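The lines below spell out each chain.
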Amino acid sequence: MILPIVAYGDPVLRKKAGDVAKDYPKLSELIENMWATMYNASGVGLAAPQIGLPIRLFVIDATPFADDEELSPEEQNKLKGFKKVFINAKIEDETGEDWAFNEGCLSIPDIREDINRKDTIKITYTDDKFKTHTEVYDGLLARVIQHEYDHIEGVLFTDKLSSLKKRLLKNRLDKISKGKINVDYKMRFPNLKKGR
């Protein structure tokens, strides 16, 4: 089932999400719905807060990035078929060089900005079978994970911009929260004025 994606301005996007229990009701159905919602919006990642649930869960399918010819064949191979569910994730470490990449977000349509992030992360999480993993990722995979991880921490990519850049984007962000935007997937707008 395709769920509406919560737009910028909704308080759920600012909450630090809580852990997911093993007996969370209908978890596998929720994960299936998140995949369907993400693919419908042509995303590569989706976090539970983006569908209104303040829980530590996100899904990533980085396969679309594998076609980027600017990436090395090694990086393309890492991205190809990378499809994972991250539950109760905790980034243990962020290391390496800061590097900029143009990011966007399904909750903030039509805004893309260059964001600096560390190149390498170490993350511990459980998968959809509740098996625990600790893994190290670098490059674009690390970035996609960092972006989704920020969502479960109540952080948006626009928070990482300079205060000048934030001021310049303020009107556009306000319009998004009010639903004054054309978007080709289902969204829920926090400040949409209801018709009489």
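Higher on the page you've got the structure.
Residues numbered from 1 in each chain as written. Predicted model: local features only at pLDDT ≥ 70, side-chain atom pairs only at ≥ 80, totals over all residues. Heavy atoms only, no water.

1. With respect to the environment of K166
To keep things clear, this is the line we draw: Elements are defined by DSSP. Helices are runs of H or I of four residues or more, strands are runs of E of two residues or more, and each kind is numbered from the N terminus. Using a 1.4 Å probe on the protein chains alone, a residue whose accessible area is under 20% of its type maximum counts as buried, one over 50% counts as exposed, and one in between counts as partly exposed. By definition in these notes, contact holds between two residues if any of their heavy atoms fall within 4.5 Å.
Checked against the element boundaries, K166 lands in helix α4 (residues 163-177). By relative accessible area, K166 is classed as partly exposed at 36%. Leaving out residues up to four positions away in the same chain, K166 has contacts with T158, D159 and L161.

2. Side note on the nonpolar core
Put simply, the rule is: By convention a nonpolar core is built from buried Ala, Val, Leu, Ile, Met, Phe, Trp, Tyr and Cys residues, the set being connected through side-chain atoms within 4.5 Å.
Ranked by internal contacts, the top residues of the largest apolar core, which has 39 residues, are L57 and I108. Sorting the residues of this core by element identifies β1 (5-6), α1 (27-40), β3 (57-61), β4 (83-105), β5 (108-126) and α4 as the ones contributing at least two each. A total of 6 residues in this core trace back to one element, the largest contributor, which is α1. The residues contacting I108, other than those within four sequence positions of it, are Y8, L156, F157, T158, L173 and I176. Judged by nonpolar contacts, the second largest core, of 23 residues, contains L71, A89, Y137 and I152.

3. Concerning the pattern of salt bridges
Any two side chains of opposite charge can pair, so long as their charged atoms come close to each other. Short version of the rule: We define a salt bridge as a side-chain nitrogen of Lys or Arg found within 4 Å of a carboxyl oxygen belonging to Asp or Glu.
Throughout the structure, instances matching the rule amount to 14 salt bridges. With a closest N to O distance of 2.8 Å, K78 and D138 form a salt bridge. You can see K78 sitting in helix α2 (residues 73-79) and its partner D138 sitting in strand β6 (residues 132-138), a full 60 residues away along the chain. For D138, a relative accessible area of 30% translates into the label partly exposed.

4. Let's talk about the environment of P54
Inspection of the secondary structure puts P54 in the loop between β2 (45-47) and β3. The class of P54 is partly exposed, set by a relative accessible area of 32%. Residue contacts for P54: discarding those within four places in its chain leaves V12, K15, A17 and G18.

5. Comments concerning α4
Where we set the bar: A helix is expected to reach a length of 1.5 Å times the quantity of its residues less one. Here the bend at a residue is taken as the angle between two axes, fitted respectively to the seven residues that end there and the seven that start there.
Here α4 spans 19 Å end to end across 15 residues, near enough to the 21 Å set by a 1.5 Å rise per residue. K170 marks the point of greatest bend in α4, at about 50°. The inward-facing, buried residues of α4 abut β5. After α4 finishes, the residue G179 shows a positive phi value of roughly 75°.

6. What to know about the side chain of E103
Put simply, the rule reads: Here a polar contact is taken to be a pair of N or O atoms separated by no more than 3.5 Å, where protein atoms must pair a possible hydrogen donor with a possible acceptor and residues adjacent in sequence count only if both atoms sit in side chains.
As for its placement among the helices and strands, E103 is situated in strand β4. Take E103: its relative accessible area is 4%, and that puts it in the buried class. Within the structure, E103 has its side chain in polar contact with the side chain of R143 (distance 2.6 Å). When sequence neighbours within four positions are dropped, the list of residues in contact with E103 reads I111, R112, E113, I115, R117, R143, H147 and F157.

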